[in-house]
Amino acid sequence: MRVLILGGTTEATALSLALSKDQRFETLLSYAGATRAPRPAPTPWRVGGFGGAEGLARFLTAGGYNALIDATHPFAAKMKHNAIEAARLSGVAFLAIDRPAWKMGSGDAWTMVPSMSAAALALGLERKRVLLTIGQKDLAAFLAAPQHAYVVRSVDPPAPETLPPDAISLPLRGPFVLGDEIALLRAQQIAVIVTKNSGGKATEAKLIAARQLGIAVVMVERPARPNWRVTAEDAQSALAWLHQIASTERGA
Ligand code: NAP
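Residues numbered from 1 in each chain as written. Predicted model: local features only at pLDDT ≥ 70, side-chain atom pairs only at ≥ 80, totals over all residues. Heavy atoms only, no water.

## Considerations on the overall build of the protein chain
Part 1 of the argument: Regarding its fold elements, the protein chain presents eight helices and 12 strands.
Part 2 of the argument: A compact globule built from 252 residues should have a C-alpha radius of gyration of about 18 Å, and the protein chain, at 20 Å, falls within 12% of that.
Part 3 of the argument: Overall size of the protein chain, expressed as C-alpha extent along the three principal axes, is 65 × 35 × 30 Å.
Part 4 of the argument: Going through the 252 residues of the protein chain one by one, you find that 46% of them count as buried.
Part 5 of the argument: A sequence separation of at least 24 residues applies to 65% of the contacts in the protein chain between residues at least 6 apart.
Part 6 of the argument: Accessible surface, the protein chain as shown: approximately 12,300 Å² in total, 55% of it carbon and sulfur.
Part 7 of the argument: Counting 27 positive and 20 negative side-chain charges, the protein chain places the centres of these two groups 1 Å from one another. (Helix = DSSP H or I, 4+ residues; strand = E, 2+ residues; numbered from the N terminus. Rg over C-alpha atoms; globule rule 2.2 N^0.38 Å. Buried < 20%, exposed > 50% of the residue type's maximum accessible area, 1.4 Å probe, protein only. Contact = heavy atoms within 4.5 Å. Areas by Shrake-Rupley, 256 points an atom, 1.4 Å probe, with all protein chains shown as cover. Lys, Arg positive; Asp, Glu negative; His and termini not counted. Charge placed at Lys NZ, Arg CZ, Asp CG, Glu CD.)

## Re the sheet that holds strand β6 (residues 110–113)
Part 1 of the argument: Ordered in space as β6-β11-β10-β7-β8-β9, the six strands form an open sheet in which the pairing is parallel. Two strands close off the open sheet at either side, each with one partner strand: β6 and β9 (167–171). Going across the sheet, the axis of each strand differs from the next one's by a mean of 20°, ignoring polarity.
Part 2 of the argument: Pairing of strand β7 (residues 129–133) with strand β8 (residues 149–154), which is carried by four bridges, proceeds in the parallel orientation. Counterpart to V130 in the pairing with β8 is Y150.
Part 3 of the argument: Against the sheet, helix α7 (residues 205–213) makes contact with β6, β7, β8, β10 (192–196) and β11 (216–220), and its axis sits at roughly 150° relative to β10, the strand it touches most. (Pairing = 2+ DSSP bridges. Axes fitted to C-alpha atoms, helices over the stretch in contact; angles between N-to-C directions.)

## Digging into the site of the ligand
Part 1 of the argument: Close contacts around the ligand come from 23 residues, with S30, F50, M79, K137 and K196 the closest.
Part 2 of the argument: At a separation of 3.2 Å, an oxygen atom of the ligand approaches a polar backbone atom of A76.
Part 3 of the argument: Within the backbone of K78, an N or O atom sits 3.0 Å from an oxygen atom of the ligand.
Part 4 of the argument: Contact with the protein chains covers 78% of the free accessible surface of the ligand, which is 810 Å².
Part 5 of the argument: Of all the secondary structure elements, the ones that give two or more residues to the shell around the ligand are β2 (26–31) and α3 (77–90).
Part 6 of the argument: When residues in the shell around the ligand are grouped by element, the largest group, four residues, is from α3. (Near = heavy atom within 4 Å. Polar contact = N/O pair within 3.5 Å; in protein donor to acceptor, adjacent residues only side chain to side chain.)

## Side note on the nonpolar core
Part 1 of the argument: In terms of nonpolar packing, the biggest core is built from 22 residues, with M1, V3, I5, L15, L19, I69 and L242 touching the most fellow members.
Part 2 of the argument: At the level of secondary structure, the elements contributing two or more residues to this core comprise β1 (2–6), α1 (10–20), β2, β4 (67–70), β5 (93–97) and α8 (235–251).
Part 3 of the argument: No other element matches α8, which puts seven residues into this core.
Part 4 of the argument: Not counting residues within four places of it along the chain, the set of residues in contact with M1 comprises R24, F25, E26, N66, A67, L242, I245, A246 and E249. (Core = buried A, V, L, I, M, F, W, Y, C linked by side-chain atoms within 4.5 Å.)

## Some details on the packing of aromatic side chains
Part 1 of the argument: Inspection of every chain in the model, using the stated rule, returns four aromatic pairs.
Part 2 of the argument: Considering the side-chain rings of Y31 and W45, the 5.8 Å spacing of their centres and the 70° angle between planes classify their relative orientation as edge-to-face. With Y31 in strand β2 and W45 in strand β3 (residues 45–47), this pair connects stretches of sequence that are 14 residues apart.
Part 3 of the argument: Overall, W45 belongs to the partly exposed group, its relative accessible area being 45%.
Part 4 of the argument: Plain terms: the ring middles of F50 and F59 are 4.9 Å apart, the flat faces sit at 70° to each other, and that makes the pair edge-to-face.
Part 5 of the argument: With a relative accessible area of 26%, F59 lands in the partly exposed category.
Part 6 of the argument: Site record: aromatic cluster; members linked through ring pairs are F50, F59 and Y65.
Part 7 of the argument: Above the face of the F59 ring, R46 is positioned so that its terminal group lies 5.3 Å from the ring centre.
Part 8 of the argument: Cation over ring: R153 sits above F176, and NZ or CZ is 3.7 Å from the ring centre. (Phe/Tyr/Trp six-rings, centres within 6.5 Å; stacked < 30°, edge-to-face > 60°. Lys NZ or Arg CZ within 6 Å of the ring centre and 35° of its normal.)

Printed below as a string of structure tokens:
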């Protein structure tokens, strides 16, 4: 079975690793090229866009793919819509990994906001020390809130001209552990964390650290998602679905 995984996430890497050990599957992992050095992949991989839903549909048909897995990040809204449309156009079996969102628990002080500009506004007028864990592409909104001091943690360092005036860059890739997150929040005297509601374990420790230290969180809610017919919460469930398809194809 030929499987195309749209990646850039821990689930995509975990799924491609599992498939690389099973001879029934021939897997290609696709990266957008958003990070300078993607994680080494356990399967063959490619980088770059397909040219919209139609381009992806053509790629699936030309490559004789049997299944498409959308394992993109919850905030990769465009690709999620392209993927479901490409599956429809090509008739290829399709599953989306729908990573559960984080939920506010007791002891959390979260402000939920719909966008990055709303997040910048939610920081208020008074100067604060802010940890931004939103990646390096969405910093523009914070140029409008130059009164704050920012620590910007992202996989790749942002271009200097995209940073607010009082900002330092911490180029780091997760996963992050609780002890390190507590140490960072204390050392940088952080008052507020701004994060996307990415969900998942790899970057959850900052939220637990914030709860323990009484630090506020501004949580940017997820963009609208397509109406998926088949979803899996994690790589393990996506693997089970692929096993089922593989046995059906064999029996056919
Ligand atoms: P996006 O806005 O949904 O996608 C923009 C364009 O990038 C798509 O139209 C597509 O180009 C191309 N693309 C996206 N994912 C691709 C993939 N896996 N393989 C090939 N092309 C892809 O996505 P984004 O928010 O810029 O994110 C880009 C990538 O980074 C995604 O793969 C995502 O999983 C990963 N990522 C994103 C975030 C985030 O916060 N947004 C966080 C962690 C990881 P064409 O239309 O030309 O095909």
